[in-house]
Each structure stands twice: as C-alpha cells, then as structure tokens.
Amino acid sequence: MNEQDIKQTIFQLLKRIAPETDPSQLKPDENIRETLNIDSFDALQFIVALDEKLGIEIPEEDYGKTTTLKSLLTYVKEKIERQ
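The sections below set out a description of the structure shown in this document.

What counts as what
- Residues numbered from 1 in each chain as written.
- Predicted model: local features only at pLDDT ≥ 70, side-chain atom pairs only at ≥ 80, totals over all residues.
- Heavy atoms only, no water.
- Helix = DSSP H or I, 4+ residues; strand = E, 2+ residues; numbered from the N terminus.
- Rg over C-alpha atoms; globule rule 2.2 N^0.38 Å.
- Buried < 20%, exposed > 50% of the residue type's maximum accessible area, 1.4 Å probe, protein only.
- Contact = heavy atoms within 4.5 Å.
- 1 Å grid on protein atoms, 1.4 Å probe; cavity = no way out; pocket = protein on both sides within 12 Å on 5 of 7 lines; lining within 4 Å.
- Points joined across faces, edges and corners; volume = space filled by probe spheres on them.
- Nonpolar A, V, L, I, M, F, W, Y, C, P; charged D, E, K, R; others polar.
- Salt bridge = Lys/Arg side-chain N within 4 Å of Asp/Glu carboxyl O.

## Details of the overall build of the protein chain
Logical step 1: Check the secondary structure of the protein chain and you find four helices and zero strands.
Logical step 2: Scanning the protein chain from its N terminus toward the C terminus, one meets helices and strands in the order α-α-α-α.
Logical step 3: For the protein chain, whose C-alpha radius of gyration is 12 Å, the value lies close to the compact-globule estimate of 12 Å for 83 residues.
Logical step 4: Principal-axis analysis of the C-alpha atoms gives the protein chain an extent of 35 × 25 × 20 Å.
Logical step 5: Every one of the 83 residues in the protein chain was classed for burial, and the buried ones make up 41%.
Logical step 6: Across the protein chain, the fraction of contacts at a sequence separation of at least 24, relative to all contacts at a separation of at least 6, is 54%.

## Some thoughts on the layout of surface pockets
Logical step 1: Of the pockets and cavities examined, the largest pocket occupies roughly 240 Å³.
Logical step 2: If you trace the largest pocket, you find 14 residues lining it, with Arg33, Ala43, Ile47, Tyr63 and Thr66 closest to the centre.
Logical step 3: When contributions to the lining of the largest pocket are tallied by element, the ones reaching two or more residues are α2 (32-36) and α3 (40-54).
Logical step 4: Tallying contributions element by element places α3 first for the lining of the largest pocket, with five residues.
Logical step 5: Classifying every residue of the lining of the largest pocket gives eight nonpolar, five polar and one charged.

## Structural notes on the pattern of salt bridges
Logical step 1: Enumeration over the complete set of coordinates arrives at three salt bridges.
Logical step 2: Note that Lys65 and Asp62 form a salt bridge whose closest N and O atoms lie 3.4 Å from each other.
Logical step 3: In this structure Asp62 comes out as buried when scored by relative accessible area, which is 12%.
Logical step 4: With a shortest N-O distance of 3.8 Å, Arg82 and Glu78 are connected by a salt bridge. Pair noted here: Arg82 and Glu78 are both in helix α4 (residues 69-82), with a separation of four residues, about one helical turn.
Logical step 5: Take Glu78: its relative accessible area is 37%, and that puts it in the partly exposed class.

So this is what it looks like as structure tokens:
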C-alpha cells in the first residue's frame, strides 16, 4: 500500500466520522482534530476504524504521533512496512 492509498483511506474514514467536513483540504501540518472539529470520541472511532481497515494496531501511547496528516501518514506507513 503506497502513501496515496493510505491518504485516501484516511480521508474516507475521516469523512465518515465528520461528514460535514472536507478532509482532503487538510494541510500536512494542521492538527486533524482541531481543523475538522472532531471530539475525542470521534477521534477514537477514527483510530479504531483505521486499525481495522489497514490491519494495524495503534496503541494509545502512540496517539500523539497521529495528530497531523503528515505525522499520521508517516506513522501508518511505518506500521504497514513493519508487518
């Protein structure tokens, strides 16, 4: 799975959680939750959906590594490559 596929998956899942937003407008260094106005419950749902869709596990202690689009992409890519 390449970076573009990962990004598409992230956008699809964010759109499902925050349907009134346009995740594709996120800039790489913007905080995802703040920019899309996602509360902590929806953020957790997003992480769980990402885990299931990509077959990876994002432990709670790593949530801080997934706050921006850029950091989330890097993190997910590394997780997939390590499998």
